[in-house]
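# Fold and contact review
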Amino acid sequence: MTDKETEMTKLAAIQTQGLAALDEVSSTEALEAWRVENLGRSSPVMAVFSSMGKLDKELRPVMGKAANEVRQTLEAALEGRRQKLEEEALQKTLATEKLDVTLPGRPMERGRLHPLTQVLRRIIRIFGDMGYQVYYSPEVETDDYNFTFLNMPPYHPARDMWDTFYTTTEGVLLRTHTSPGQVRVMREHAPEPIRAILPGTTMRYEQISARSEIEFAQVEVLVVGEKVTFAELKGTLDDFAHRMFGEHARTRLRPSHFPFTEPSAEMDVGCFVCGGEGCPVCKETGWLEIGGCGMVHPVVLEYGGYDPEIYSGFAAGMGIDRSTLMRYRIDDIRHFRNNDIRFLRQF
Ligand SMILES: [Zn+2]
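Note that the coordinates shown come from a computational prediction; the quantities given were computed from them, not determined experimentally. (Residues numbered from 1 in each chain as written. Predicted model: local features only at pLDDT ≥ 70, side-chain atom pairs only at ≥ 80, totals over all residues. Heavy atoms only, no water.)

## What about the environment of Thr117?
How we decide: A helix here means a DSSP run of H or I that spans at least four residues, while a strand means a run of E at least two residues long, and both kinds are numbered starting from the N terminus. Three labels apply to residues, based on accessible area from a 1.4 Å probe with only protein chains included: buried if under 20% of the type maximum, exposed if over 50%, partly exposed otherwise in between.
In this fold, Thr117 is placed in helix 5 (residues 115–129). Thr117 sits in the partly exposed class, given a relative accessible area of 26%.

## Here's the deal with helix 4 (residues 59–96)
Applicable threshold: An expected span of 1.5 Å times one less than the residue number is assigned to each helix. Contact definition: two residues touch when any of their heavy atoms are within 4.5 Å.
Here helix 4 spans 56 Å end to end across 38 residues, near enough to the 56 Å set by a 1.5 Å rise per residue. Where helix 4 is concerned, the buried positions are Leu59, Met63, Gly64, Ala66, Ala67, Val70, Leu74, Ala77, Leu78, Arg81 and Leu85. On its buried side, helix 4 packs onto helix 1 (3–24), helix 2 (28–39) and helix 3 (44–50).

## A word on the sheet that holds strand 6 (residues 251–258)
The line we're drawing: Pairing between strands requires that DSSP locate at least two bridges from one strand to the other. Only C-alpha atoms enter the line fits that serve as axes; for helices the fit covers just the stretch in contact. Angles between N-to-C directions range over 0 to 180 degrees.
One open sheet accounts for 7 strands, arranged 1-4-5-9-8-7-6; its pairing is mixed. Each edge of the open sheet is held by one strand with a lone partner, namely strand 1 (133–134) and strand 6. Alignment of strand 4 (residues 194–203) against strand 5 (residues 215–226), held across 10 bridges, turns out to be antiparallel. When the bridges of strand 5 are listed, Met203 appears paired with Glu215. Relative to strand 4, helix 5 is tilted by about 170 degrees, and along the sheet it contacts strand 1, strand 4, strand 5 and strand 9 (311–319). Along the sheet face, helix 10 (residues 320–328) touches strand 5, strand 8 (287–296) and strand 9 and points at about 115 degrees away from the line of strand 5.

## Let's talk about the pairing of strand 4
Burial within strand 4 is extensive, with 9 of its 10 residues counted as buried. Of the strand pairs in this sheet, strand 1 and strand 4 are connected by 2 bridges, and their pairing is parallel. Directly across from Val134, in strand 4, lies its bridge partner Ile197.

Shown next, in the form of structure tokens:
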């Protein structure tokens, strides 16, 4: 036999043996092993390529072409086998995992907004219509912003009303109201006029009960500018109450005291449960308290960077939890943060 004949016979044997072995392959793992053995770097067909240099010059192109054909044949056979295996696997799955289309579908659970979020968004929308901007300030505050800048220097007795949680860093605490944001907005915008609302979570150190939680949401209202008057405060709150509780909602202000406003007032709306006649929700008074308000104290204006001789402002703070409780006649404030789906899906 000539060299050429010998090499050709060798190549034919490589192809025959490879194809025969491929017929035995019945899994993807075995297929990969076959690929390594028959087409990998140290496979017989690759060995033919690397030993090509030892052949006569005239023989090389002929043998190269023949070896290439063998390799292509093996590659095509591999691909064919792979498709066949995949098809078999699919048929097997289809046979074993039959789909019963007569089974009723699983209904999609539709989420909805938390009642507090719904009420908050309503408040934001109302003040948004009046041209207010929403401003978020930190829930972890410094003692200065939470107390001192709001006219409650250290040892001021009013601090007792707002006991809170302190961090291990001295002078850093969880804010007890949204009012610290007043000074932050003022410092950011002084001496420009301000019309802002500041919603957010606040914390107090309290005995948890049906009426009190350690965590609750508030909305702060702040207006600062030249010649802002108490009449505008009253008008704004009136307008808000009408939009929030209905055109016929009645409001009243009662004198009160807060260190950061002067004068200060509590704001009530006519009880929307009994219409003012007296019921258990309003404790027979006909009125529901929705928040505190007043003219921004000159000391607070100064801390905010506004000259109280030129500028004035009003502020109000409303508890969202309490008004949501009243609005939906919920009997226990703790429901809000228990994440009980039976409660939440009622809204
Ligand atoms: Zn009532």
